[in-house]
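Residue-level structure breakdown
These are the residues of each chain, in order.
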Amino acid sequence: MKNLILLGPPGAGKGTIAKRLAAELGYLHLSTGDILREEVARGSELGKKAKAYMDAGELVPDELILAMVKERVAGKDGILFDGFPRTLAQARGLEEIAPVQLVLLLELDRDTVVRRLSARRVCPQCGALYNLITSPPKEDERCDSCGEKLIQREDDRPEVIARRFQVYMRDSVPLVDYYQGKGILVRLDAARPPGEVYAAALHAIGDDRP
Ligand code: AMP
């Protein structure tokens, strides 16, 4: 199976698409943000180092991220990288770790990013993602599958959202040219409804089915 990267600003729908691709096609979903949040929750050494960066909407240092990814990827394929790489240094580091055959760029404008992230809620129990406007839970702010009270991510507060978008523009947008130059970038319009973005992602992936 191919290794894929989902690139795009926060709130573009990377996590939503990744979860569905993993469930339906059997990719291994590797979200560096999810791993870091787990490390923070466990109070591990890595979590302690990462927390301040995450709360401020800044990037965790490349060396920490690359070591964390390397450890989880060794010997595997069919990996769906979500939220990684985020810098050119990470992209170059990834080349030493695993080959990448396709990069899906989820394009979304700043205003829509801010609107989506402000309305985003997550289930602290199972990680399901909701949007109070476009994909609300059936019952008032409770998870459809496990009934837990939904929460807002610490870094989905307005001040932090603005900073995360700036950091994306500065550090991650250069990856667009980088992967385009390698001829493996496919652009998707992430402003469309989730089902349509998913269908476009499937089309781009082609018949890379297990
Ligand atoms: P995410 O869930 O992908 O939005 O990530 C949440 C936060 O975790 C980011 O704002 C960063 O602080 C940190 N983070 C996640 N992935 C990376 C990465 N590849 N490089 C650096 N920091 C990361």
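Nothing here was measured: the structure is a model prediction, and the numbers come from that model.

**What to know about helix 3 (residues 45–56)**
Where helix 3 is concerned, the buried positions are L46, G47, A50 and M54. Axial view of helix 3: buried residues confined to an arc of 80°, hence all on one face. What points out from helix 3, more than 90 degrees from its buried face, is the exposed set E45, K48 and A52. Just downstream of helix 3 lies G57, where phi reads positive at about 80°.

**A short note on the packing of helix 2 (residues 32–42) against helix 4 (residues 62–73)**
For the pair helix 2 and helix 4, the least separation of the axes is 11 Å and the interaxial angle reads 100°. Overall, the two elements helix 2 and helix 4 adopt an arrangement that is roughly perpendicular. Together, T32, I35, L36 and E39 of helix 2 and I65, M68, V69 and R72 of helix 4 make up the contact between the two elements.

**What about unusual backbone geometry?**
In this model, F84 is joined to P85 through a cis peptide bond whose omega is -5°. The backbone of E141 shows a phi angle near 50°, a positive value even though the residue is not glycine. Along the chain, E141 falls in the loop between strand 6 (129–131) and helix 7 (158–172). With a relative accessible area of 22%, E141 lands in the partly exposed category.

**Here's the deal with the pairing of strand 3 (residues 79–82)**
With burial as the criterion, each face of strand 3 is covered, one bearing I79 and F81 and the other bearing L80 and D82. The pairing of strand 2 (residues 28–31) with strand 3 spans four bridges and is classified as parallel. The residue of strand 3 that forms the bridge with L28 is I79.

**As for the site of the ligand**
Taken together, 16 residues surround the ligand, and among them T32, R37, E58, G83 and Q90 come closest. Residue T32 places a side-chain N or O atom 2.8 Å away from a nitrogen atom belonging to the ligand. In the model, an oxygen atom of the ligand is placed 3.4 Å from a nitrogen or oxygen of the R164 side chain. The biggest single contributor to the shell around the ligand is helix 2, with four residues. Considered class by class, the residues forming the shell around the ligand number six nonpolar, four polar and six charged.

Conventions adopted
Residues numbered from 1 in each chain as written. Predicted model: local features only at pLDDT ≥ 70, side-chain atom pairs only at ≥ 80, totals over all residues. Heavy atoms only, no water. Buried < 20%, exposed > 50% of the residue type's maximum accessible area, 1.4 Å probe, protein only. Helix = DSSP H or I, 4+ residues; strand = E, 2+ residues; numbered from the N terminus. Arc of directions from axis to C-beta. Axes fitted to C-alpha atoms, helices over the stretch in contact; angles between N-to-C directions. Parallel < 35°, antiparallel > 145°, perpendicular 65-115°, else oblique. Contact = heavy atoms within 4.5 Å. Pairing = 2+ DSSP bridges. Near = heavy atom within 4 Å. Polar contact = N/O pair within 3.5 Å; in protein donor to acceptor, adjacent residues only side chain to side chain. Nonpolar A, V, L, I, M, F, W, Y, C, P; charged D, E, K, R; others polar.

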